[in-house]
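The lines below spell out each chain.
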Amino acid sequence: MLTYLNRPIPSRRHLLMGTMPADAVFLVAGLSMAWWARGGDGSRWFVLGWVGAFALSWLVLMLGRIQRPEVRRLSQRSTVHTARRRALRTGTLPESPSLRIGAAARSCDELEVAVLVLAVGATTGIGVLMWPSLPWPMLVTGWAVLATLYLGGAVRGWAYLHLYEIGSRRPSS
């Protein structure tokens, strides 16, 4: 079910710190694109450039990703999500070590992407304030869709990682 099972699950703080390079890349690339597009001819390429800045920051996020176990098979992700949902409802980690670690690994994935989506939203907000004449509605709509998709999972992921961190510190009985 899992690959790289021997890798540790990073702490929430370490995970958030690990997303900072990708967030910074989007901030710089996105605002540079907006600055360039503020002129007449650049505005028609603006949305494509913004998507390119997102792709570049996604690449930085994936390349700089903290090493951890991975749930490779798509079919097993639903099992992991069910285990995480049950753990959050009961307040206890799954009995199976692979499910426990798999749910933590998927929570890390969701949290990383959500932090990048929040950085995109903050950069978009700054851009709207600085250059309101650019075609922002499509980007704001796209960001709202991404935020809706990822932030709910990130909240559950944050809660599960908290439970995981507490559970791994508890002495075995």
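All figures in this text were calculated on a predicted structure; none of them were measured in a lab.

What counts, and at which threshold
Residues numbered from 1 in each chain as written. Predicted model: local features only at pLDDT ≥ 70, side-chain atom pairs only at ≥ 80, totals over all residues. Heavy atoms only, no water. Helix = DSSP H or I, 4+ residues; strand = E, 2+ residues; numbered from the N terminus. Buried < 20%, exposed > 50% of the residue type's maximum accessible area, 1.4 Å probe, protein only. Patch = residues over 30% accessible without salt bridge, like charges linked within 9 Å, V, L, I, M, F, W, Y side chains within 5 Å. Areas by Shrake-Rupley, 256 points an atom, 1.4 Å probe, with all protein chains shown as cover. Salt bridge = Lys/Arg side-chain N within 4 Å of Asp/Glu carboxyl O. Expected span 1.5 Å × (residues − 1).

Participant: Outline the environment of Leu 146, listing residues and values.
Facilitator: Looking at where Leu 146 falls in the secondary structure, it is placed in helix H6 (residues 137-169). Assessed through its relative accessible area of 28%, Leu 146 is described here as partly exposed. Distance from Leu 146 to Ser 96, taken between C-alpha atoms, is 32 Å for residues 50 residues apart in sequence.

Participant: Account for a nonpolar patch on the surface, naming residues and giving values.
Facilitator: Taken together, Leu 27, Val 28, Ile 126, Leu 129 and Met 130 make up a surface patch of nonpolar side chains, about 490 Å² in accessible area. When contributions to the nonpolar patch are tallied by element, the ones reaching two or more residues are helix H2 (20-37) and helix H5 (97-130). When residues in the nonpolar patch are grouped by element, the largest group, three residues, is from H5. Along the polypeptide, Val 28 turns up in helix H2.

Participant: Residue-level account of H5, with values.
Facilitator: Side chains three or four residues apart in an α-helix point the same way, a direct result of the helix having 3.6 residues per turn. With 34 residues, H5 extends 50 Å between its outermost C-alpha atoms, agreeing within 8% with the 50 Å of an ideal straight helix rising 1.5 Å per residue. Most of H5 sits inside the fold, with 24 of its 34 residues counted as buried.

Participant: Report on the pattern of salt bridges, specifying residues and quantitative values.
Facilitator: Summed over all chains, the structure comprises eight salt bridges. Here Arg 106 ties to Asp 109 by a salt bridge, and the two come within 3.0 Å at their closest N and O atoms. In this pair, Arg 106 and Asp 109 both sit in helix H5, three residues apart, roughly one turn of the helix. Exposure class is identical for Arg 106 and Asp 109. Each is buried. One salt-bridge network, held together by shared partners, links Arg 65, Arg 68, Glu 70, Arg 106, Asp 109 and Glu 112.

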